[in-house]
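This is what each chain is made of:
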Amino acid sequence: MYRRVLRIARGWQSQSGLAQETDAEKQYIVQEASTLFRQNKDITDSELIKKCIEECHARIEMGLHYRIPYPRPTHLPPMGLATQHGRKMRGQERLRKQAKPIYLHSHDETS
């Protein structure tokens with residue numbers, strides 16, 4: 001799978017067709033792949049491995065379809081923003097976690 005991502009990066013062409021943007025996007029693809037593969041190299045749980053593979057496939061297909069290598073933004077569900085602390089905050093955190101698409105599971109809340 002890592003090899004497939006590197007092949008995609010090698011042949012990547014940005015939507016604008018500008019060489020500078022194409023090079024930046026190629027570099028992003030390679031850097032993101034190496035970071036995530038290194039981050040997940042010690043995973044031994046088969047369910048977690050399956051989720052990582054599904055995320056990789058989803059990100060590849062999204063990138064190829066939309067011709068954008070960067071993760072697409074997510075939209076918060078209704079009542080997804082916290083106004084108070086306590087019980088409501090936990091419920092809203094749960095809503096945000098459930099609304100997170102599979103191709104963004106490797107990204108934390110701040111990125």
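Cut-offs and rules
Residues numbered from 1 in each chain as written. Predicted model: local features only at pLDDT ≥ 70, side-chain atom pairs only at ≥ 80, totals over all residues. Heavy atoms only, no water. Helix = DSSP H or I, 4+ residues; strand = E, 2+ residues; numbered from the N terminus. Buried < 20%, exposed > 50% of the residue type's maximum accessible area, 1.4 Å probe, protein only. Contact = heavy atoms within 4.5 Å. Areas by Shrake-Rupley, 256 points an atom, 1.4 Å probe, with all protein chains shown as cover. Expected span 1.5 Å × (residues − 1). Salt bridge = Lys/Arg side-chain N within 4 Å of Asp/Glu carboxyl O. Phe/Tyr/Trp six-rings, centres within 6.5 Å; stacked < 30°, edge-to-face > 60°. Lys NZ or Arg CZ within 6 Å of the ring centre and 35° of its normal.

1. Some thoughts on the overall build of the protein chain
The helix and strand tally for the protein chain stands at 4 helices and 0 strands. For the protein chain, the N- to C-terminal ordering of α and β elements is α-α-α-α. Every one of the 111 residues in the protein chain was classed for burial, and the buried ones make up 26%. Once local pairs closer than 6 in sequence are excluded, the contacts in the protein chain between residues at least 24 apart make up 60%. Counting only carbon and sulfur atoms, one obtains 54% of the accessible surface of the protein chain, whose full area is about 8,500 Å².

2. Topic: helix α2 (residues 19-39)
A rise of 1.5 Å per residue sets the reference length of α2, with its 21 residues, at 30 Å; its end C-alpha atoms lie 30 Å apart and thus fit the reference within 8%. Looking at the buried residues of α2, the elements they touch are α1 (2-10) and α3 (46-66).

3. Topic: the pattern of salt bridges
A side chain with one charge can pair with a side chain of the opposite charge if their charged atoms come near. Taken as a whole and assessed by the stated rule, the structure comprises 2 salt bridges. E61 is the partner of R4 in a salt bridge, and the nearest nitrogen-oxygen pair spans 3.4 Å. In this pair, R4 is assigned in helix α1 and E61 in helix α3, connecting sequence segments 57 residues apart. Residue E61 is classed as partly exposed on the basis of its relative accessible area of 44%.

4. A closer look at the packing of aromatic side chains
For the structure on display, the rule yields 2 aromatic pairs. Between Y2 and F37 the ring centres are 4.9 Å apart and the planes differ by 70 degrees, which places this aromatic pair in the edge-to-face class. Taken together, the positions of Y2 in helix α1 and F37 in helix α2 put the pair 35 residues apart, joining distant regions of the chain. Pairing Y28 with Y70 gives two aromatic rings, centres 4.6 Å apart and planes at 50 degrees, and the pair type is tilted. Taken together, the residues Y28 in helix α2 and Y70 in the loop between α3 and α4 (87-99) connect sequence positions 42 residues apart. Residue placement shows R67 over the ring face of W12; its charged tip is 4.2 Å from the ring centre.

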